[in-house]
Structure formats: C-alpha cells, structure tokens
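# Residue-level structure breakdown
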Amino acid sequence: MAVPTPHGVPDRPAVPLVPPELAELLRSQLAAVADEVEEEVRRQVPEYARPADGAYRQNLRSGVVQALTLFVDHIADPRDDGGAIAATYYELGRGEALEGRSLDALQSALRVGGMRAWRLMGRTAEELGLDSTVVTALGELAFRTVHEVAQAAASGYAEAQLRSSDELERRRKRLLDLLLEDGPVALEAVQDLAHSARWPVPRTVAVVALAAAPDRREEDRPLAAAGALVDMGSRPPRMLVPDPDGPGGIGGRAFTLALRGRPAAIGPTAPVTEAAQSLRLATRALGLMGRGVLSRQGVVRCSEHLSTLLLHGDEPLLERLRARVLAPLDTVSAGQRDRLAETLLAWLLSGSNVPDVAARLHIHPQTVRYRLRQLEKLFGDALHDPETRLDLILALRAESLHTKQN
C-alpha cells in the first residue's frame with residue numbers, strides 16, 4: 001500500500017546511518033517495550049482505557065507490536081516500505097471509525113505510543129554508546145514510523161467514514177426487518193444487531209404507518225424523529241419510534257408537525273420484541289383511514305380506536321354477524337333502516353333509557369318510543385336477550401361504521 005510521506009520526511013535515508021545489527025538487539029526487546037507502550041497508551045488516552053479484555057486487548061497489542069516491528073524493520077532495511085504493516089493500520093483506522101471512536105483518539109494513541117517507544121529504544125542506543133549521529137537517525141526513523149502508520153490509519157478511517165453512513169443505514173434496515181418480522185423475536189438477537197447499528201435498545205416501541213405523501217417530492221424523505229428506525233421504501237412506509245410515551249416521543253405536537261400534514265396511524269405501545277403487533281394494528285388502522293372508517297386526515301392513534309380495530313380484525317366474520325343479527329332490518333326501507341339502527345344502538349348503549357337516547361340523538365322522547373315499538377315488532381324478544389344484545393351492539397357498531405364509510 002502506498003502511504004503518503006509527511007512533508008520534510010525523505011522517502012528513504014540516502015545512507016543507512018543506523019547500524020543494521022542494532023535492529024536485532026531492539027527486536028529482542030520488542031515484547032518488553034510493547035508492554036510499556038501499551039500501558040502508556042491506556043493510561044494517557046481515555047478512549048483506550050477500558051478494561052483489557054478479549055479482542056480489544058488483542059487488537060491494541062497487535063497495533064503496538066506492528067508499529068514497533070515497522071520501526072525495527074526500517075533500521076534493518078531502510079528500503080522496506082512496510083506495506084504489510086501499513087495495511088494493518090489501514091484496517092485499524094477503519095475499525096476505529098466503525099466503532100465510533102474519533103480519529104483524534106487514534107492519533108493521540110499513536111503519538112503517545114511513539115514517544116514512549118522512542119524514549120525506551122533511544123535509551124538503549126545511548127547505553128550502547130552510539131554517537132549522536134546514529135541517535136539522530138534513530139529519531140528520524142521513529143518520526144517516520146509514527147507518520148507512516150498514522151497516515152495509513154487516517155486513510156482507513158476516512159474510507160470507513162465515507163461508507164459508514166450507508167452501512168449504518170443497511171444495518172438499521174436489517175434491525176427494523178428483524179423487529180417487525182412475524183413470529184417471536186429473541187431479545188439477544190435484537191441486542192446484537194442493535195449494537196452494530198448503534199441503536200440503543202429501548203424498553204418499548206410504537207410503529208407508525210404512513211399514508212402516501214401529499215407531495216411526491218416528500219415521498220422518500222425520512223421524517224424527523226429522534227432515534228426512529230425508518231423504512232420509506234416499504235408499502236406502507238413505516239417508522240419504529242423508541243420510548244413513544246416518554247419525553248420527545250410521539251405524543252407531542254412536535255411529532256405531528258414533523259409529519260407535514262401526512263396522514264399516519266400510530267400503533268399501540270409494545271415491548272421492543274413485540275413491535276410486529278404494533279405494526280399490524282397501525283397498518284390496519286391506516287387501511288381503515290383510507291376507507292373512511294377512521295378519520296382520513298391527521299394522526300390516528302390505535303389506542304383510542306381499539307374496539308373499531310377489533311371489529312375489523314376479521315371482516316368476513318364481521319359481515320356474517322352483521323347480516324345474521326340485523327336481518328330483521330332488511331324488511332324496511334334504506335332511510336328507515338338507518339334511523340332504526342341508530343336508535344337501537346343508542347338504546348342498547350344507554351341501558352334502555354329513553355330520555356338518554358333522545359338527548360343523544362337530539363330527537364323527542366316520543367319519537368324514540370315510536371321507533372322502539374317498530375323495533376320490537378321486528379326483533380321481538382331478542383331485544384331483551386343478553387347474548388343477543390351483545391351481538392346487536394357489535395353488528396350495529398359495524399353498521400354505523402359502514403354507513404359512515406359510505
């Protein structure tokens with residue numbers, strides 16, 4: 001890998017001023033020097049001060065040893081361009097970017113480690129009685145080594161940053177697909193994928209199903225919602241909002257404004273592993289909005305329309321119930337049917353209280369009694385059977401929504 005050389009640092013020393021045999025002596029000290037350099041980096045750079053465990057300790061140790069090896073290789077053969085080690089640091093830079101650490105932290109670690117290594121190895125050179133020219137050449141090589149690995153790491157870091165936004169979006173899309181898939185979702189699987197997607201796993205979520213954008217230019221533009229997972233390419237477009245009932249969730253005016261007039265249905269709040277249930281009801285509500293059963297405009301919150309959603313959970317079955325229970329109304333005219341159905345539903349819901357029905361429908365109590373006599377002729381004793389009354393309420397509620405829809 002070609003690594004740019006900093007200004008003022010020659011590509012190769014014209015004359016190998018450092019005795020090559022010094023390389024073997026320094027190579028024998030690599031393990032001890034690496035221990036001290038690693039400890040110094042962990043002590044001075046907070047981002048690298050985490051407990052030394054597993055792969056993290058191995059990666060840090062490998063980076064230190066690679067840099068020290070490059071320094072010694074330069075002494076043994078100034079013509080060696082250190083391509084393999086530069087490639088290692090290129091990948092290290094990429095890894096740091098993907099882990100979310102800053103380039104400043106990485107450069108600080110290289111600077112601190114380089115200074116510590118130079119002090120230790122320079123002391124060895126002085127103890128051997130090497131003259132100042134050789135010590136100066138060692139300093140130049142140390143300077144060169146730090147810059148080479150820093151440049152390689154910076155290149156890898158920059159490349160990862162260019163791709164990280166796209167990669168992060170792909171990971172979040174996979175996470176959203178996992179959360180919304182049918183069937184049980186394992187919390188461990190969610191946590192693993194969420195970590196790689198840099199998405200803090202909340203306790204609860206809600207899914208928002210979005211209607212087609214009123215302005216085509218807005219169709220693919222993600223909506224503003226902090227921490228939301230958004231898929232504008234699905235049909236319908238959807239977004240999963242963490243902690244929907246908390247501050248900054250979907251209960252405030254800010255969220256409604258963010259929709260820019262776009263109709264939407266908000267599914268019920270659910271545990272994160274049960275997000276698919278919230279999506280199912282939000283999608284059902286959005287369909288009912290399109291048909292006029294629920295309000296076509298604004299934001300519909302499923303938690304406020306659970307009975308309507310329940311009624312339309314199995315529409316063929318609901319239609320069978322409506323046809324069977326309300327069959328007596330098929331014998332009257334359409335206008336009379338609507339009036340009688342409205343009166344019967346109000347009577348059942350008001351506990352058979354005529355004045356309450358009259359007040360609810362804004363008609364005279366005598367009109368209510370007249371309609372009830374008609375209903376008793378049509379339905380007979382079924383009006384007073386508890387199980388039939390429940391069926392009537394469900395069927396009449398569906399009839400009311402059907403009339404409203406048309």
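Every value quoted in this text rests on a predicted model; they were computed, and no experiment measured them. Residue positions within a chain follow its written sequence, with the count starting from 1. Owing to the predicted nature of the model, reporting of local features is limited to residues with pLDDT of at least 70; listing and counting of side-chain atom pairs is limited to 80 or more, with chain, interface and lining totals taken over all residues. In computing side-chain properties, one takes all heavy atoms of the structure into account and sets aside hydrogens as well as water.

### So, the packing of helix α12 (residues 334–349) against helix α13 (residues 354–361)
Here is the rule we go by: Axis lines are fitted through C-alpha atoms, for helices just across the contact stretch, and the angle between N-to-C directions can take any value from 0 to 180 degrees. Here a helix means four or more residues in a row that DSSP labels H or I, a strand means two or more in a row labelled E, and each is numbered from the N terminus. The cut-offs work like this: below 35 degrees is roughly parallel, past 145 is roughly antiparallel, 65 to 115 is roughly perpendicular, and the gaps in between are oblique. Crossing handedness: left-handed means the near helix sits turned counterclockwise from the far one by under a right angle, and right-handed means the same turn made clockwise. Between two residues, a contact is recorded if the distance between any of their heavy atoms is within 4.5 Å. Gly is put with the polar residues, along with every residue not named as nonpolar or charged; the nonpolar set is Ala, Val, Leu, Ile, Met, Phe, Trp, Tyr, Cys and Pro, and the charged set is Asp, Glu, Lys and Arg.
Orientation of α12 relative to α13, taken along the N-to-C sense of each, is 130°, at an axis distance of 9 Å. On the basis of their axis angle, the class for α12 and α13 is oblique. Crossing of α12 over α13 shows right-handed handedness. On α13, the residues that touch E342, T343, A346, W347 and L349 of α12 are V357, R360 and L361. The class makeup of the residues in the contact of α12 with α13 is 5 nonpolar, 1 polar and 2 charged.

### Quick look at the packing of helix α2 (residues 30–44) against helix α5 (residues 103–127)
Describing two packed helices takes the angle between their axes plus the distance from one axis to the other. With their axes 9 Å apart at the nearest point, α2 and α5 run at an angle of 140° to one another. Relative to α5, the element α2 is oriented oblique. The two elements α2 and α5 cross, and the hand of that crossing is right-handed. The segment α2 lies against α5, with L30, V33, E36, V37, E40, V41 and Q44 engaging A109, V112, G113, R116, A117, R119, L120 and M121. Residues that form the contact of α2 with α5 fall into these classes: 9 nonpolar, 2 polar and 4 charged.

### Some thoughts on unusual backbone geometry
The residue after R235, namely P236, is reached through a cis peptide bond having omega 0°. Mapped onto the secondary structure, P236 falls in the loop between β2 (229–231) and β3 (238–242). The phi angle at S352 is positive, at roughly 65°, despite the residue not being glycine. Topologically, S352 is positioned in the loop between α12 and α13. Unlike most non-glycine residues, H362 shows phi in positive territory, near 60°. As for its placement among the helices and strands, H362 is situated in the loop between α13 and α14 (365–379).

### Section: the nonpolar core
Using the following cut-off: In plain words, nonpolar cores are sets of buried Ala, Val, Leu, Ile, Met, Phe, Trp, Tyr and Cys residues tied together by side-chain atoms within 4.5 Å. In this scheme, a residue with accessible area under 20% of its type's maximum is buried, one over 50% is exposed, and one in between is partly exposed, where area comes from a 1.4 Å probe on protein chains only.
Counting residues in hydrophobic clusters, the biggest one holds 36 residues, and the most contacted among them are L68, F71 and M121. Counting residues per element, the ones that place at least two in this core are α1 (21–27), α2, α3 (54–76), α4 (83–98), α5 and α6 (132–180). Looking at which element gives the most residues to this core, the answer is α5, with 9 residues. Residue contacts for M121: discarding those within four places in its chain leaves L26, L30, V33, L68, F71 and V72.

### Observations regarding the pattern of salt bridges
Stated precisely, the cut-off is as follows: Every case where a carboxyl oxygen of Asp or Glu lies within 4 Å of a side-chain nitrogen of Lys or Arg is listed as a salt bridge.
Under the defined criterion, the tally for this structure stands at 11 salt bridges. Here R94 ties to E91 by a salt bridge, and the two come within 3.3 Å at their closest N and O atoms. Of this pair, R94 and E91 both sit in helix α4, 3 residues apart, which is roughly one turn of the helix. Note that R322 is salt-bridged to E399, the shortest N-O span being 2.7 Å. With a gap of 77 residues between them, R322 in helix α11 (residues 315–325) and E399 in helix α15 (residues 386–405) connect regions that are remote in the sequence. With respect to burial, R322 and E399 carry one shared label: buried. Each of the salt bridges in this network shares a partner with another, and the network as a whole consists of E319, R322, D330, R337 and E399.

### Digging into the pairing of β3
Here is the rule we go by: Two strands are said to pair when DSSP picks up at least two bridges between them.
Summarising burial for β3: 5 of the 5 residues are buried, a large majority. Side chains of β3 alternate between two faces, with R238, L240 and P242 and M239 and V241 buried alike. Both strand β1 (residues 204–210) and β3 contribute to a ladder of 5 bridges, which runs antiparallel. Residue A209 lies in a different strand from β3, and its bridge partner there is R238.

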